[in-house]
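Below are the chains, spelled out letter by letter.
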Amino acid sequence: MSSEIHDVVIIGSGPAGLTAAIYTARAGLDPVVIAGEPSSTGDQPGGQLMLTTEVENYPGFKDGIMGPDLMMEFQEQAKRFGADIRIDKVTKVDFSNRPFSLWVGDPDAPEPTLKANSVIVSTGAKALMLNLENETRLIGRGVSTCATCDGFFFRDHDIAVIGGGDSALEEASFLTKFGKSVTIIHRRDELRASKIMQDRAMANPKIKFIWDSTVTEILGDEQLSGIKIKNVKTDEETVLDVTGMFVAIGHRPNTDLFKGQLEMRDNGYLATKAPSSYTDVEGVFACGDVQDSTYRQAITSAGSGCVAAIDAERWLEDQH
Ligand code: NAP
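Residues numbered from 1 in each chain as written. Predicted model: local features only at pLDDT ≥ 70, side-chain atom pairs only at ≥ 80, totals over all residues. Heavy atoms only, no water.

### Some thoughts on the state of the cysteines
Moving on, step 1. As enumerated under the stated definition, the model contains one disulfide in all.
Moving on, step 2. Residue Cys146 pairs covalently with Cys149 via a disulfide, S to S 2.1 Å. Classification of the bridge connecting Cys146 and Cys149 rests on its S-S torsion, roughly 75°, and on that basis the disulfide is right-handed.
Moving on, step 3. Distance from the sulfur of Cys287, which forms no disulfide, to the nearest cysteine sulfur (Cys306) is 9.9 Å.
Moving on, step 4. Accessibility expressed as a relative area gives 1% for Cys287, which makes it buried. (Disulfide = S-S within 2.5 Å. Buried < 20%, exposed > 50% of the residue type's maximum accessible area, 1.4 Å probe, protein only.)

Put into structure tokens, the structure is as follows:
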């Protein structure tokens, strides 16, 4: 069986991938989007916005829009211009020769499922979670992984932030603009964050610290009503009455598929030749959170999807 050959295959269907799909489809490149499959580890076609509730900072929606509805709009817009969106998972790639080879489904199949003259990688990143019962269910109902996105909804709330790195301290400082109180819960008695962030957080009168403690239970039916924490040195358990909990224990880019194929930075994110979306393999472009450890917003992700589409289009034009 011979593989289909396409000009552009896009891996991933969050704001970056679907923006790349809209642009390449309008450029007449007939993109195929391998959108991903839902999995127990939180993978989602549509990306991280599928796990959020209201999005109020995406320009163009003055009254806000639900995350899944926004992704549906992206998808319908891409389809309108002919993008071929497939709910499937790429399991293996070979970028050593052009056209590039991609396997969907069985990675041991002798022939790749698809061949592509160019590939746009937009597989996103995952916020690391505590993996406690109720955590995923209460996302958007008091539990969040993004203060920039959701802080506004927590005006006058008592908020807990979990983690001891730069993200946790940055999120905590940001949340003091809205919350009544912000308590950082860290599993050790020493922070991982940089000195400057530590100094800033310690000097903020709205921020308290609970040291040597982990969250053992997330409480609440419809909305978060509190968390149970345990001191790891004394085993003492207490309940903290918070109605907001921000998990800030790091992110992981979805790059397993590209190990040995694409260059990655020290932190595991794909390396791109900024301001372009070029990777170290000519003809493979990367956009969205898989290559952005800094901004991680739907709008920056969408913007970089547009960059990747234009890069791919121009590169293909040069090749032909
Ligand atoms: P990070 O540096 O990896 O810190 C993660 C924190 O979460 C650590 O304190 C870790 O505890 C804790 N943690 C991990 N797993 C946990 C678990 N299961 N339960 C409880 N706590 C857990 O991640 P990050 O803060 O997201 O930062 C990632 C990178 O981005 C870093 O290089 C950081 O400097 C950078 N960054 C920079 C800025 C800035 O400069 N403005 C802002 C944000 C991020 P331990 O310390 O005990 O391991």
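### Some details on the layout of surface pockets
Moving on, step 1. Taken as a whole, the second largest pocket encloses approximately 340 Å³ of empty space.
Moving on, step 2. Looking at the second largest pocket, it is lined by 18 residues, and the ones nearest its centre are Gly163, Gly164, His186, Arg187 and Ile249.
Moving on, step 3. Among the residues making up the lining of the second largest pocket, the classes are represented as six nonpolar, eight polar and four charged. (1 Å grid on protein atoms, 1.4 Å probe; cavity = no way out; pocket = protein on both sides within 12 Å on 5 of 7 lines; lining within 4 Å. Points joined across faces, edges and corners; volume = space filled by probe spheres on them. Nonpolar A, V, L, I, M, F, W, Y, C, P; charged D, E, K, R; others polar.)

### Quick notes on the site of the ligand
Moving on, step 1. In the vicinity of the ligand, 13 residues are found, and the nearest of them are Asp166, Ser167, Glu170, Arg188 and Arg192.
Moving on, step 2. In this structure, an oxygen atom belonging to the ligand sits 3.3 Å away from a main-chain N or O atom of Gly165.
Moving on, step 3. Within the side chain of Arg192, an N or O atom sits 2.7 Å from an oxygen atom of the ligand.
Moving on, step 4. Contact with the protein chains hides 64% of the accessible area of the ligand, taken as 920 Å² for the molecule alone.
Moving on, step 5. Among the cavities detected, the one that contains the ligand is the second largest pocket.
Moving on, step 6. Among the residues making up the shell around the ligand, the classes are represented as two nonpolar, six polar and five charged. (Near = heavy atom within 4 Å. Polar contact = N/O pair within 3.5 Å; in protein donor to acceptor, adjacent residues only side chain to side chain. Areas by Shrake-Rupley, 256 points an atom, 1.4 Å probe, with all protein chains shown as cover. Sits in = over half its atoms within 2 Å of the grid points.)

### Some words on the packing of aromatic side chains
Moving on, step 1. Inspection of every chain in the model, using the stated rule, returns eleven aromatic pairs.
Moving on, step 2. Arranged with centres 6.2 Å apart and planes meeting at 15°, the rings of Phe95 and Phe258 form a pair that is stacked. Residue Phe95 is found in the loop between β6 (90-94) and β7 (100-104), and its partner Phe258 is found in the loop between β18 (251-253) and β19 (284-286); the two are separated by 163 residues along the sequence.
Moving on, step 3. A centroid spacing of 5.4 Å and a plane angle of 65° characterise the contact between Phe174 and Phe178, whose relative ring orientation is edge-to-face.
Moving on, step 4. We classify Phe174 as partly exposed; its relative accessible area is 25%. (Phe/Tyr/Trp six-rings, centres within 6.5 Å; stacked < 30°, edge-to-face > 60°. Helix = DSSP H or I, 4+ residues; strand = E, 2+ residues; numbered from the N terminus.)

### Here we look at the nonpolar core
Moving on, step 1. Counting residues in each nonpolar core, the largest one holds 31 residues, and the members touching the most others are Ile10, Tyr58, Leu70, Phe74, Ile85 and Ile120.
Moving on, step 2. Breaking this core down by element, the ones donating at least two residues are β1 (4-11), α1 (15-26), α2 (67-80) and α6 (298-319).
Moving on, step 3. Ile120 has contacts with Val8, Val9, Ile10, Ile11, Ala20, Thr24, Phe285, Cys287, Ala308, Ala309 and Ala312, leaving out every residue within four places of it along the chain.
Moving on, step 4. Within the second largest apolar cluster, 21 residues are counted, among which are Leu102, Val104, Ala116 and Val284. (Core = buried A, V, L, I, M, F, W, Y, C linked by side-chain atoms within 4.5 Å. Contact = heavy atoms within 4.5 Å.)

### Describing the pattern of salt bridges
Close approach of charged atoms allows side chains with opposite charge to pair.
Moving on, step 1. Following the criterion strictly, the structure yields twelve salt bridges and no others.
Moving on, step 2. Across the salt bridge formed by Arg86 and Asp84, the nearest N and O atoms sit 2.8 Å from each other.
Moving on, step 3. Since its relative accessible area comes to 22%, Arg86 is described here as partly exposed.
Moving on, step 4. According to the relative accessible area criterion, Asp84 is partly exposed, its value standing at 30%.
Moving on, step 5. Between Glu217 and Lys228 there is a salt bridge, and its shortest N-O distance comes to 3.3 Å. Of the two residues, Glu217 is situated in strand β14 (residues 213-219) and Lys228 in strand β15 (residues 226-231); the sequence distance between them amounts to eleven residues.
Moving on, step 6. Of the residues examined, Lys228 reaches a relative accessible area of 24% and is grouped as partly exposed. (Salt bridge = Lys/Arg side-chain N within 4 Å of Asp/Glu carboxyl O.)

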